[in-house]
Amino acid sequence: MAKNPKILSIVLAGGEGTRLMPLTRDRAKPAVPFGGVYRLIDFPLSNLVNSGYRQVVVLTQYKSHSLDRHISQVWRFSPLLGSYVSPVPAQQRLGKHWYLGSADAIYQTINIIEDVQPDIVVIVGADHVYRMDFEQMVQQHIESGAEFTVAGIRQPIEQSNQFGVIGVDPEHPNMIKNFQEKPTTTTGLPDNPNQILASMGNYVANTKALFEALALDEKAADTKHDMGGDIAPYFASRNEAGVYDFNSNEIPGSTATDHAYWRDVGTIKQFYDAHMDLIAYVPEFNLYNQDWPIYTMSGNLPPAKFVHAGRDRLGHATDSIVSPGVIVSGGEVHHSVLSPNVRIHSWAQIVDSVLFDGVVINRRARVYKAILDKNVVLTENSTVGIDTEHDLARGFTVTPDGITVVPKNTIVDD
């Protein structure tokens, strides 16, 4: 391995995101807005750029227009030093079919890797919220001598049936002994029997070994063409797979509260809970860490504005994130996230909710524990999240946890 190996990063952004419906009705999962001004794709791209990796390919597939547009408008680098973030749609290079899985997605774009000729390929997912310095993972990968390294995060052992579980070698804790996909029972870690190492969906691979594994997987009959379910076990069976414990990743500016924070936001509840993490008094994930910023571009917008200061008509927001372009005009916002250009009118109430761009809440309307997609309008005195049966009758999604989701461009008129 070269002293300063050449690195190519690949972001797997082709997820359909069916469990996030209706938020993914018109957009790819990585393009879903998050945290007011961001999209989910901004988190892995920011991590790669902050790690010093600026040659990035983003593999897209489903409903990719808004994702492609966001990448082309926001993630533009000067070509002077060879930096780029390049979206690559599914091209059906190897047959008349779309990507059959994450491993097949990489195999179908292997010509791009061959053109770059990297020593190492860093492969990351596009739909998790976290901070990670991938350079630290790459360094351990090189030092371990592994051909393929999986990033693992510690989780309670009772949650093993929700993850791909990494079994480690007690004598060599940086090497994978076995890999189980969502087992009902498993063994805890040598240093903590009550925890497991769950796969984060982030990988580092030596290019030649990765090519060989992908070629074998493409011809195999009993495969789902999945990086975690097929490629990682292949390397583990050959004693060539390493594991990187995410808990050891050190991020500048991180605190004890948000150290090793990682959230899968694949369901409405997970997506909602991750937003609530942002607005905690001591946030579990700190968007304000400027030593490791999350990059995006929220447009040429004016500052947020709060008007009316009467005793019974006070425009205010508490325990909330309020984005640029928002106007709170005599309404009340509590424990919520407001995206750009939201309008809250007099005597309206927004509580425990997430409002996407351009939402308008007219006078005396009320929103409780809800997610409102872009350009939703509530007319005067209308409600969302107050009466579950009424919300269901109007075709809104209501989760078992009582989170109401209103689709994009809906006019709510009671």
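For every chain, the first residue of the written sequence is number 1, and numbering continues from 1 onward in sequence order. Local features in this predicted model are restricted to residues of pLDDT 70 or higher, and side-chain atom pairs are both shown and tallied only at a pLDDT of 80 or more, whereas totals for entire chains, interfaces and linings draw on every residue. Each side-chain value is worked out from all heavy atoms of the structure, with water and hydrogens disregarded.

Caption draft 1: Spatial organisation of the overall build of the protein chain. Counting secondary structure elements, the protein chain contains 9 helices and 32 strands. Our radius of gyration is a C-alpha quantity, and the globule rule it is checked against amounts to 2.2 Å times the number of residues to the power 0.38. Computed over C-alpha atoms, the radius of gyration of the protein chain comes to 23 Å, within 12% of the 22 Å expected from 2.2 N^0.38 for 414 residues, which places it in the range of a compact globule. Dimensions of the protein chain, computed from C-alpha atoms along their principal axes, come out at roughly 70 × 50 × 40 Å. All accessibility values rest on the Shrake-Rupley procedure with a 1.4 Å probe; residue burial counts only the protein chains present in the view. Accessible area of the protein chain: about 18,200 Å², with a carbon and sulfur share of 48%. Where the 34 positive side-chain charges of the protein chain centre and where its 46 negative ones centre are 8 Å apart. Working definition: helices are DSSP H or I runs of at least four residues, strands are E runs of at least two. Numbering for both runs from the N terminus. When charges are counted, Lys and Arg contribute as positive and Asp and Glu as negative, whereas His and the chain ends are disregarded. Working definition for charges: the position is that of NZ of Lys, CZ of Arg, CG of Asp or CD of Glu.

Caption draft 2: Highlighting the packing of aromatic side chains. Centres within 6.5 Å make a pair out of two Phe, Tyr or Trp rings, where for Trp the six-membered ring is used; the pair is then stacked when the planes are under 30 degrees apart, edge-to-face when over 60, and tilted otherwise. Under the counting rule described, the total for this entry stands at 13 aromatic pairs. On the basis of an interplanar angle of 85 degrees and a centroid distance of 6.4 Å, the ring pair of Trp75 and Phe77 is categorised as edge-to-face. Relative accessibility under 20% of the residue-type maximum defines a buried residue, over 50% an exposed one, and the middle range a partly exposed one, all with a 1.4 Å probe and only protein chains included. Exposure remark for Phe77: the relative accessible area of 26% places this residue in the partly exposed category. Each residue in the set Phe34, Tyr38, Phe43, Tyr261, Phe271, Phe285 and Phe356 is aromatic and connected to the rest through ring pairs, giving one cluster.

Caption draft 3: Representation of the nonpolar core. Counting residues in each nonpolar core, the largest one holds 40 residues, and the members touching the most others are Leu59, Ile106, Phe148 and Met227. For this core, the element with the most residues is helix H7 (residues 227–237), which contributes 6 residues. With sequence-adjacent residues up to four places away left out, Met227 is seen in contact with Ser102, Ala103, Ile106, Ile123, Phe148, Tyr203, Leu210, Leu214 and Ala232. Put simply, buried Ala, Val, Leu, Ile, Met, Phe, Trp, Tyr and Cys residues joined by side-chain atoms within 4.5 Å make one nonpolar core. Two residues form a contact once any of their heavy atoms are found within 4.5 Å.

Caption draft 4: View of the environment of Pro30. As for its placement among the helices and strands, Pro30 is situated in the loop between strand E1 (7–13) and strand E2 (33–34). Considered as a pair, Pro30 and Ala213 are 183 residues apart in the sequence and their alpha carbons are 27 Å apart. If sequence neighbours within four positions are ignored, Pro30 has contacts with Ala13, Gly15, Arg39, Leu40, Ile41, Leu67 and Ala126.

Caption draft 5: Layout of the pairing of strand E5 (residues 84–89). Where strand E4 (residues 55–60) lies against E5, 6 bridges are found, and the strand directions are parallel. Opposite Gln55, over in E5, you have Tyr84 as the bridge partner. By definition, the crossover connecting two strands over a helix is right-handed if that path, from the first strand to the second, turns clockwise as seen with the strands pointing away from the viewer. Traced from E4 through helix H2 (residues 65–74) to E5, the parallel crossover comes out right-handed. Any two strands between which DSSP finds at least two bridges are classified as paired.

Caption draft 6: Main features of helix H1 (residues 42–50). Among the 9 residues of H1, 8 are classified as buried, and the element is accordingly described as predominantly covered. Asp42, Phe43, Pro44, Leu45, Ser46, Asn47, Leu48 and Val49 are the residues of H1 that are buried. Directly beyond the C-terminal end of H1, a positive phi value near 95 degrees is found at Gly52.

Caption draft 7: Structural view of unusual backbone geometry. In this structure, the amide linkage connecting Met21 to the following residue, Pro22, adopts the cis form with an omega of 5 degrees. By the element assignment, Pro22 lies in the loop between E1 and E2. Here Gln117, not a glycine, exhibits a phi torsion of approximately 55 degrees, which is positive. Positive phi values are uncommon outside glycine, yet Ala260 reaches one of about 60 degrees. When you line up the elements, Ala260 lands in the loop between strand E12 (241–245) and strand E13 (262–264).

Caption draft 8: Structural context of the environment of Tyr368. You can see Tyr368 is positioned in strand E26 (residues 366–368). Here Tyr368 falls in the partly exposed class, since its relative accessible area comes to 24%. Along the primary structure Tyr368 and Pro173 are separated by 195 residues, whereas in three dimensions their C-alpha atoms are 47 Å apart. Apart from residues lying up to four places away in sequence, Tyr368 is in contact with Gln349, Val351, Ser353, Val384, Gly385 and Ile386.

Caption draft 9: Main features of the packing of helix H6 (residues 207–219) against H7. The axes used here are C-alpha line fits, helices contributing only the stretch in contact, and every angle between their N-to-C directions lies in the interval 0 to 180 degrees. Where H6 meets H7, the axes come as close as 10 Å, and the angle between the chain directions of the two elements is 120 degrees. Taken together, the axis directions place H6 and H7 in an arrangement best described as oblique. Note that H6 runs across H7; the crossing there is right-handed. Mapping the contact onto sequence places Ala209, Leu210, Ala213, Leu214, Leu216 and Asp217 in H6 and Met227, Asp230, Ile231, Tyr234 and Phe235 in H7. Considered class by class, the residues forming the contact of H6 with H7 number 9 nonpolar, no polar and 2 charged. Oblique is the label for any angle not under 35 degrees, not over 145, and not in the 65 to 115 range, which are roughly parallel, roughly antiparallel and roughly perpendicular in turn. Crossings are sorted by hand: turned counterclockwise from the far helix by less than a right angle, the near helix makes the crossing left-handed, and turned clockwise it makes it right-handed. Following the grouping adopted for this structure description, the nonpolar residues are Ala, Val, Leu, Ile, Met, Phe, Trp, Tyr, Cys and Pro, the charged ones are Asp, Glu, Lys and Arg, and the polar ones are all others, Gly among them.

Caption draft 10: Broad picture of H2. Along H2, the positions that sit buried rather than exposed are Ser66, Leu67, His70, Ile71 and Val74. On an axial view of H2, the arc spanned by its buried residues comes to 135 degrees, and they lie on one face. Its buried side turned inward, H2 meets E1, strand E3 (38–39), H1, E4 and E5. Our arc is simply the arc of the directions from the helix axis toward the C-beta atoms.

Caption draft 11: Structural view of the domain arrangement of the protein chain. By the assigned domains, the protein chain splits into domain 1 (7–274) and domain 2 (305–412). For every domain, the bounds stem from an assignment made automatically or drawn from a database. Between the C-alpha centres of domain 1 and domain 2 the distance comes to 34 Å. The partner domain 2 presents 21 residues to the 15 residues of domain 1 that form the contact. Here the quantity called buried area is the total loss of accessible area, with a 1.4 Å probe, experienced by two parts when brought into contact, counted for both. A buried area of about 1,500 Å², summed over both sides, lies between domain 1 and domain 2, and 68% of it is on carbon and sulfur atoms. For domain 1, the biggest contributors to the area lost against domain 2 are Pro22, Gly36 and Tyr272; these three give 37% of the whole.

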